[in-house]
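Fold and contact review
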There are 2 protein chains.
Amino acid sequence: MSVDFFESNREVLEQAINAAATRAYWSPYPESPSPRNYGETAADDARQAFDALLGKDFPLQVSGATGTVGAERSPFGLELGVRYPQVPADVLVKQAQDAMESWREAGPRAWVGVCLEILKRLNKRSFEIANAVQHTTGQGFMMAFQAGGPHAQDRGLEAVAYAWQEMSRIPELADWEKPQGKHDPLRMQKQFSIVPRGIALVIGVSTFPTWNGYPGLFASLATGNPVIVKPHPTAILPLAITVQVAREVLAEAGFPEDVVQLAAHSADDDTARELAMNPAVRIIDFTGSSQNGNWLEQNARHAQVYTEKAGVNQVIIDSVEDIKPVARNLAFSFALYSGQMCTAPQNVYVPRDGIKTAEGRMSFDEVAQALATAIDKTVADAAKAVELTGAIQNEATARRIDEARALGLTVLCDSRQLEHPAFPEARVRTPLLLKADAADERILREWFGPIAFVVATDSTEHSIELARETVVQHGALTLSGYTTDDAVAKRMRQAAERAGVSLSLNLTGAVFVNQTAAFSDFHGTGANPAANAALSDTAFVANRFRVVQTRWHA
Amino acid sequence: MSVDFFESNREVLEQAINAAATRAYWSPYPESPSPRNYGETAADDARQAFDALLGKDFPLQVSGATGTVGAERSPFGLELGVRYPQVPADVLVKQAQDAMESWREAGPRAWVGVCLEILKRLNKRSFEIANAVQHTTGQGFMMAFQAGGPHAQDRGLEAVAYAWQEMSRIPELADWEKPQGKHDPLRMQKQFSIVPRGIALVIGVSTFPTWNGYPGLFASLATGNPVIVKPHPTAILPLAITVQVAREVLAEAGFPEDVVQLAAHSADDDTARELAMNPAVRIIDFTGSSQNGNWLEQNARHAQVYTEKAGVNQVIIDSVEDIKPVARNLAFSFALYSGQMCTAPQNVYVPRDGIKTAEGRMSFDEVAQALATAIDKTVADAAKAVELTGAIQNEATARRIDEARALGLTVLCDSRQLEHPAFPEARVRTPLLLKADAADERILREWFGPIAFVVATDSTEHSIELARETVVQHGALTLSGYTTDDAVAKRMRQAAERAGVSLSLNLTGAVFVNQTAAFSDFHGTGANPAANAALSDTAFVANRFRVVQTRWHA
């Protein structure tokens, strides 16, 4: 490699490995879009760069394209009109195979160096990516910047750190000397080579294209596999920029650009399945619906398949000091990006005979009302609220609010359409909060979007058992518990551990159940139906490469 | 735990982790059955203990048994007549679930401590296990002792070391403090719990019940999963002793004995599938036929499935200094346990226009003849030879020799029946060596047993390509290459790395291609159809447990 990207990024790698070991707070990528972090002109420059992309061919020089594709429309109303090169699935695979030859020979140090440099340059383009994420996913700008930029980069770096840690513990050479009593010892030399599995496919999601896409992309790339990035047809741009940066770094390092390729395609074609079922594709990272994820797990048997799918996230309220900060915290979680997060809470379990508070018992209806009031307050100021809720990514989610209303349940807080001061065409909705009974099986599916249920249970024990069983049957990425009783907290934890879901206890401040921090929080557990892997741990990287040894007499 | 088996075995654990990191030679279990290692009376005591088991109910106190089962017959002629308790599959699963409750709560330190103590006690019973392995598998005594005893224990310990290494890198508690500019930092405490996946199933093989069984057994047990050990109906005894030892240690440590259970069953029933398809079984380790292994991979989708199946092991002869030590080494590999090893070489590729040696060119026929002569010499002394070949484990393997003879190929060295001085009824066969052409597709399947082919190829390049393609299509656990040319050695290594098979170069001494050393050699790569995992690496253990975190405001 002409440029030693490993050496120039070594310090951040070492810090990342250390952070993942201690699981303390750490990030090399500032989450504040302050000019102090990114430069005085960063925001304006990026906006201009973003505007310059609209209505044009995206600047990506590729081979094998048969035309262009692209029909992205911003949930805030803007028609993007960006056209991406369209390369047939079999051509992408062929090009990846060709590119693999020199990439696989380069070895872990080169793979990891290239990955670290890509991440560093992605960070510099965080503002541009933020615009791209905002106008494809519907996230408010701040979330698009943080989750789509530095937090996604954190998750990518985390995967690279785990990959390096695993690969670097295999010695390149070993001397083996076995005593033979009075005879000379047996002496062998052994060489251990890290070999990639083959072509990796990343299937992107419409809501968090970079945050959910980077772990798989970087885990596979860092372990020597060429990667085909297949974005969701409604959220191509953030991953197109990512692929552009990756190819730029690959070229500088002397590798074929096709080590990372973009598989842009239109919404109604079969590209995902065609790629997934190609036997040369040996690793698949998928984020999306349970239907598609389960299909991949069942059918793509030639590949290692890592999926994050749907689930039913739950909150158990047993007892509180004061309901207000609890309700505020949960209202924020409901409203944040209009609940379009795989981690957003949906079912809030409250005993039908109420809960204990520092000021005496509080009835079920009072708890429900407190939550509704907190939502009202959270979205009262439309201009501020739209920054929190963003816009609804697609029509199906908007329709789901109507479906939920039609369930015939008591409406605790209705979903309203908000006027966005900057984007009058934006599809903005506030959370819908409904009252339900634990026996109502309709709440045991995912209602993706700004839809939540306050659910009457027989008791906290019933709440815990319902939560546990729902995680086991339907999956979940988060579980939240509120209790002032240590014994109850322990039972919640035991239920979470048995069901295999992470637990947040008594969140009342500025940490929200739907957010996880890279290097510290695992995202998902891989132990329930919502996801078969966690972001990131050793299991997420260790099977993306294999070790082939050669031995000979010394 | 009343007894701290972790502390008392900590040193061996630390040494094992260190050995796996350096991949230098190491073992805590002496492979020589010398009285100095195991005591003056060990051999006799064990023989008496073994004899005392014959024709009786095996001393294992279990619940849920509906009767006894057992029809083992030694390949050396002895009727074992040991009767094992038979417990229905669903009862085994139920009992494992009950036992899991306290086992899962005990945590990594207890799990690993119990595993280390079991291994220590298994080592003390190596002679008894050697008798059991000999008279179920047909291995000669020395191999039964080494491979069935200390080497199997090494592989078990290796899995425990990897498991501990992975689990212990997750901190139990973490403080997380995120700066908030001028405001107070956000402070969270996080607790990380290692949780087992569920019930683990180990499906044993008839030829190496302990060596192939221990890695999965100990990897699953050390990560908190209760284990059901299902031996092959013709090789129950070695694993029954293993389960007996495990239950003894579990009881002493205060855990339910049913954390490890034996699923003895008769040859013609459906116990394996019934257990494998029980949704509570979340991990399966399988060694056996490709047919059964592939079936499990396709159908047991609720479980992590680790398989070692059939393959076609190959030898490429390009050039040699001297053919004699090459032929001697290969003849030993053919004869060792009559080729009944998943690692035994089968196809030997030699260019049809011969090879280069230090003394000039050697024709194909001369190479073939040298191999045949070496086999003749290796098995010339029947009394010595039977210790090397052991006996044929089952009739199907004996019949396969006849099938191979009926292929109509030139016989280079015929398989002979040898008289065993100690066991007149023993089924002993010497290797059959046939001459074949590279175009003959009948050699591209596994001919399990003492059957090998010297295969005429167009050139060494052709040999390498044929070997590569055969590994990719049919799988292999070993590849062996002979060349005096560094450039050819490099091409062999590249082919091995691309196909995903370990390579042994120029073995001419006392190291044989069919043997791997724990802590240093990986057994299998997990990168070709012969096995989807390697023994042992991080990937073999990292997905047998999951991490569930709980977080709260500090």
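Residues numbered from 1 in each chain as written. Chains lettered and ligands numbered in written order. Predicted model: local features only at pLDDT ≥ 70, side-chain atom pairs only at ≥ 80, totals over all residues.

1. Quick notes on the sheet that holds strand S10 (residues 314–317) of chain B
- Judged by pairing direction, the sheet is mixed, and its ten strands sit side by side in the order S3(A)-S4(A)-S19(A)-S18(B)-S17(B)-S10(B)-S11(B)-S16(B)-S15(B)-S14(B) without closing on themselves. Edge positions in the sheet fall to strand S3 (173–180) of chain A together with strand S14 (410–413) of chain B, since each has one partner strand and no second. Between one strand and the next, the sheet's axes are offset by a mean angle of 25 degrees, whatever the strand orientation. (Pairing = 2+ DSSP bridges. Helix = DSSP H or I, 4+ residues; strand = E, 2+ residues; numbered from the N terminus. Axes fitted to C-alpha atoms, helices over the stretch in contact; angles between N-to-C directions.)

2. Focus: helix H14 (residues 323–335) of chain A
Residues and elements named next belong to chain A.
- Given a rise of 1.5 Å per residue, 13 residues ought to cover 18 Å, and the 18 Å separating the end C-alpha atoms of H14 matches this to within 8%.
- Of all the positions in H14, only Ile323, Val326, Ala327, Asn329, Leu330, Ala331, Ser333, Phe334 and Ala335 are classed as buried.
- Among the residues trailing H14, Tyr337 stands out with phi positive, at a value near 45 degrees. (Expected span 1.5 Å × (residues − 1). Buried ≥ 20, exposed ≤ 12 C-beta atoms within 10 Å, placed from the backbone.)

3. A few points about the sheet that holds strand S19 (residues 545–553) of chain B
- Across the sheet, ten strands lie side by side as S14(A)-S15(A)-S16(A)-S11(A)-S10(A)-S17(A)-S18(A)-S19(B)-S4(B)-S3(B); this open sheet has mixed pairing. Only two strands of the sheet have a single neighbouring strand rather than two, namely strand S14 (410–413) of chain A together with strand S3 (173–180) of chain B. Put simply, the sheet's adjacent strands are angled 25 degrees from each other on average, direction ignored.
- Here four bridges tie strand S10 (residues 314–317) of chain A to strand S17 (residues 479–482) of chain A, and the two strands are oriented parallel to one another.

4. With respect to the nonpolar core
- Judged by nonpolar contacts, the single largest core of 369 residues is most densely connected at Leu371 of chain A together with Leu371 of chain B.
- Residues contacting Leu371 of chain A, with those up to four places away along its chain left out, are Ala327, Leu330, Ala331, Val348, Leu412, Leu433 and Val454 of chain A. (Core = buried A, V, L, I, M, F, W, Y, C linked by C-beta atoms within 7 Å. Contact = placed C-beta atoms within 7 Å.)

5. A look at the interface of chain A and chain B
- Listed as interface residues are 54 residues of chain A and, on the opposing side, 53 residues of chain B.
- Sorting the residues of the side of chain A that touches chain B by element identifies helix H2 (10–22), S3, strand S4 (183–196), helix H19 (486–499), strand S18 (503–505), helix H20 (538–542) and strand S19 (545–553) of chain A as the ones contributing at least two each.
- When residues of the side of chain A that touches chain B are assigned to their parent elements, the largest contribution, eight residues, is made by S19 of chain A.
- By the bridge criterion, three bridges tie S18 of chain A to S19 of chain B in an arrangement that is parallel. Looking at S19 of chain B, one finds that Ser504 of chain A is bridged to Arg551 of chain B.

6. Regarding unusual backbone geometry
- Located in the positive-phi region is Tyr337 of chain A, a residue other than glycine, with phi close to 45 degrees.
- Relative to the helices and strands, Tyr337 of chain A is located in the loop between H14 and strand S11 (347–351).
- Residue class for Tyr337 of chain A comes out buried when judged on the 25 C-beta atoms lying within 10 Å of it.
- Residue Asn506 of chain B is not a glycine yet carries a positive backbone phi of 55 degrees.
- Structurally, Asn506 of chain B is set in the loop between strand S18 (503–505) and helix H20 (538–542).

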